[in-house]
Amino acid sequence: MKTYEYADYVKAAEIIKEKIKTPIELALVLGSGLGGLADEVKHPLIIDYRDLPGWPLSTVEGHKGRLVIGELAGRMVLVQQGRVHFYEGYSPAEITFPIRVMQCLKIPSLIVTNAAGGVNPSFSAGDVMLITDHIGFVSMSGFNPLNGRNFDQFGPRFPDMSQAYDREYGSLVRKAATRTGIDLKEGVYTWLSGPSFETPAEIRFLRTVGTDAVGMSTVPEVIVARHGGMRVLGLSGITNKCSDDGEMKADHQEVLQIADIIGPKIIRILYEILPDM
Ligand code: HPA
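Residues numbered from 1 in each chain as written. Predicted model: local features only at pLDDT ≥ 70, side-chain atom pairs only at ≥ 80, totals over all residues. Heavy atoms only, no water.

**Student:** It is not clear to me how the packing of aromatic side chains should be interpreted in this structure. Could you clarify?
**Tutor:** For any pair of aromatic rings, the description consists of the separation of the ring centres together with the inter-plane angle of the planes. As enumerated under the stated definition, the model contains 12 aromatic pairs in all. Ring geometry for Phe-86 and Phe-143: centres 5.0 Å apart, planes at 55°, overall tilted. Within this pair, whereas Phe-86 is found in the loop between strand E4 (75-81) and helix H2 (92-95), its partner Phe-143 is found in the loop between helix H4 (137-140) and helix H5 (167-180), the two being separated by 57 residues in sequence. On the basis of relative accessibility, which here comes to 16%, the residue Phe-86 falls in the buried class. Relative accessible area serves as the criterion here: at 32%, Phe-143 is assigned to the partly exposed category. Joined through ring pairs, the aromatic side chains of Tyr-4, Tyr-6, Tyr-9, Tyr-49, Trp-55, Phe-97, Phe-151 and Phe-154 make up one cluster. (Phe/Tyr/Trp six-rings, centres within 6.5 Å; stacked < 30°, edge-to-face > 60°. Helix = DSSP H or I, 4+ residues; strand = E, 2+ residues; numbered from the N terminus. Buried < 20%, exposed > 50% of the residue type's maximum accessible area, 1.4 Å probe, protein only.)

Right, here's the structure in full:
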């Protein structure tokens, strides 16, 4: 499985650093179908992933492959428009390469978004969920992005994960949702490998162990972000309800369609919270 040297991260970061004038305050990772958020960035500087050595290229519909750097709600942001996934055959180190580059750029905060299936029966397609914690089935079963030699430049061998999702950021999101009348859900996000969607038995299992939403991303990025000391906010767009009785099918096109409804809600929340983050 592909791994990196510290110098690989620095090399990509240097290319970005040469193009920017002011320090980046926040990084945003956009999930499936949520790429439209990048259009909100003012005076954007666009960097194609292909121009950044080491950067993995996404193969999935609904994922672009570029960085959009500029101003959003008065803050200097770096938007990662498109990510790669474990099911595409990428290693956890490749999936989290962008996060390491962000850390080389000294970006202190990360907002991760994703499309997820609603396992909690009270969730509906179109909901936004604040991620309060996660279960990393893939990382728990041996594919932790921190496996292998520790990069002491970024963080400790055994990083704490007791508060992976920043509580202050969470309360900003709750307040923003109240102000804007968005019916915000919250809960635990579980990372599965995919690409097959879950069987009804798997959904019942996930519910039993405390999953509220399930998806195929985010957790490796958050582990690496926390290892490197970034503060993290996670938002899931619930694109479909997960069926525990086999009476509903999951479909990627549907995921992308519903993401179009969720995008504006997440944009609304971001405009409210970014000035205070
Ligand atoms: N399962 C896993 N990942 C997903 C789903 C789902 O139902 N919906 C969007 N991403």
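Picking up after the structure, the text goes on.
**Student:** Help me understand the site of the ligand, please; the structure alone is not making it clear to me.
**Tutor:** The full set of residues close to the ligand is Ala-115, Ala-116, Gly-117, Phe-197, Glu-198, Val-214, Gly-215, Met-216, Thr-239, Asn-240, Cys-242 and Val-255. Within the backbone of Gly-117, one N or O atom sits 3.4 Å away from a nitrogen atom of the ligand. The separation between a nitrogen atom of the ligand and a polar side-chain atom of Glu-198 is 2.8 Å. When the free accessible area of the ligand is taken as 260 Å², the share hidden by the protein chains comes to 95%. Taken together, the elements giving at least two residues each to the shell around the ligand come down to strand E5 (109-118), strand E8 (213-215) and strand E9 (231-241). For the shell around the ligand, the leading source of residues is E5, giving 3 residues. For the shell around the ligand, a count of residues per class yields 7 nonpolar, 4 polar and 1 charged. (Near = heavy atom within 4 Å. Polar contact = N/O pair within 3.5 Å; in protein donor to acceptor, adjacent residues only side chain to side chain. Areas by Shrake-Rupley, 256 points an atom, 1.4 Å probe, with all protein chains shown as cover. Nonpolar A, V, L, I, M, F, W, Y, C, P; charged D, E, K, R; others polar.)

**Student:** What is the right way to look at the pairing of E9 in this model?
**Tutor:** Along a regular strand, successive side chains alternate from one face of the sheet to the other. Burial within E9 is extensive, with 9 of its 11 residues counted as buried. By the bridge criterion, 3 bridges tie strand E6 (residues 128-136) to E9 in an arrangement that is antiparallel. Looking across to E9, one finds that Val-128 is bridged to Gly-237. (Pairing = 2+ DSSP bridges.)

**Student:** Would you explain helix H3 (residues 97-104) in this entry?
**Tutor:** For an α-helix, the turn length of 3.6 residues means that residues three or four places apart are oriented alike. Extensive coverage of H3 is indicated by the burial of 8 of its 8 residues. Turning to H3, its buried residues number three or more, namely Phe-97, Pro-98, Ile-99, Arg-100, Val-101, Met-102, Gln-103 and Cys-104. Those residues of H3 that are buried lie in contact with helix H1 (6-19), strand E1 (26-30), E4, H2, E5 and helix H7 (219-227). (Contact = heavy atoms within 4.5 Å.)

**Student:** Sorry if this is basic, but what is going on with the packing of H3 against H7 here?
**Tutor:** If you want to describe how two helices pack, look at the angle between their axes and the distance between the axes. It is the contact of H3 with H7, at a shortest axis distance of 9 Å, that shows an interaxial angle of 25°. Between H3 and H7, the interaxial angle falls into the category roughly parallel. Note on packing geometry: the crossing formed by H3 with H7 is right-handed. Of H7, the residues touching H3 (which contributes Ile-99, Arg-100 and Gln-103) are Glu-221, Val-224, Ala-225 and His-227. Residue composition of the contact of H3 with H7, grouped by class: 3 nonpolar, 2 polar and 2 charged. (Axes fitted to C-alpha atoms, helices over the stretch in contact; angles between N-to-C directions. Parallel < 35°, antiparallel > 145°, perpendicular 65-115°, else oblique. Left-handed = near helix turned anticlockwise from the far one by under 90°.)

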